[in-house]
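So the chains spell out like this:
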Amino acid sequence: MHDFVEHALELLLKHDMAGFAGLWAEDGVLEFPFAGPGYPKRVEGREAIREYLRDYPNLLDIREVTAKTVHETADPAVVVVEFTVAGVVVATQKPYELSYIAVITVEDGEIRTYRDYWSPLAAAEVLGGVEELTEAFGG
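Keep in mind it's a predicted model, so treat the numbers as computed, not measured.

1. Remarks on helix α3 (residues 46–53)
Every buried residue of α3 is accounted for by R46, I49 and L53. All buried residues of α3 project into a common sector of 60° when viewed along the axis, lining one side. Here the buried face of α3 lies against α2 (17–21), β1 (24–31), β2 (42–44), α4 (56–59) and β6 (110–117).

Structural data, given as structure tokens:
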């Protein structure tokens, strides 16, 4: 599972969102348990996930993973990953750093579910405000 996580983070650093989305199973799910009103709670299916992630590098230029901890669980198909990425907000060229916790279920080498626990408040601050966050990631 560690190799899978390393590969996924490598794709993010390369800004290869199509490759990152390609890690999902055809009917895999991306979930956002902390999504606020007006934001998607679930994106279902590899193609929908690919579309959702497509413009991410135009918003945030991820340049490094500054922290990473991979927690194995009692279920060998499930891993919990704590990570922090740093880079530049493309629109403002201001530096940013955001932390995430992801609970990932992998079956047959593909992501079945990816629960993304991130702070909309921290993202809004990084992007320059709630309006910018809504424009970037709203439903």
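On we go from here.
2. A short note on the pairing of β1
For β1, the tally of buried residues reaches six of eight residues, placing the bulk of the element in the interior. With four bridges connecting them, β1 and β6 associate as parallel partners. Counted as the bridge partner of W24 is I111 from β6. Relative to β2, β1 is paired through three bridges, and the arrangement is antiparallel. Paired with L30 across the strands is V43, a residue of β2.

3. Looking at helix α1 (residues 2–13)
Between its terminal C-alpha atoms α1 stretches 17 Å, which fits the 16 Å expected from 12 residues at 1.5 Å a residue. Regarding α1, the residues found buried are F4, V5, A8, L9, L11 and L12. In an axial view of α1, the angular spread of the buried residues amounts to 155°, which keeps them on one side of the axis. Those residues of α1 hidden inside the fold are in contact with α2, β3 (60–72), β4 (78–89), β5 (95–107) and β6. Positive backbone phi, approximately 60°, marks H15, located one or two places after α1.

About the criteria used
- Counting restarts for each chain: residues are numbered from 1 in the order of the written sequence.
- Reporting of local features is limited, given that this is a predicted model, to residues whose pLDDT is at least 70; pairs of side-chain atoms are given and counted only at 80 or more, and all residues count toward the totals for whole chains, interfaces and linings.
- Here the side-chain values reflect all heavy atoms present in the structure, with hydrogen atoms and water set aside.
- Categorising residues by exposure relies on relative accessible area from a 1.4 Å probe, with only protein chains included: less than 20% of the type maximum marks a residue as buried, more than 50% marks it as exposed, and the intermediate range marks it as partly exposed.
- Only DSSP runs of H or I reaching four residues or more are called helices, and only runs of E reaching two or more are called strands; each is numbered from the N terminus.
- Throughout, the arc means that of the directions going from the helix axis to the C-beta atoms.
- In this description, contact between two residues means that some pair of their heavy atoms is separated by no more than 4.5 Å.
- Criterion used throughout: strands pair if DSSP finds at least two bridges between them.
- In this scheme, a helix's expected span is set at 1.5 Å multiplied by one less than its residue total.

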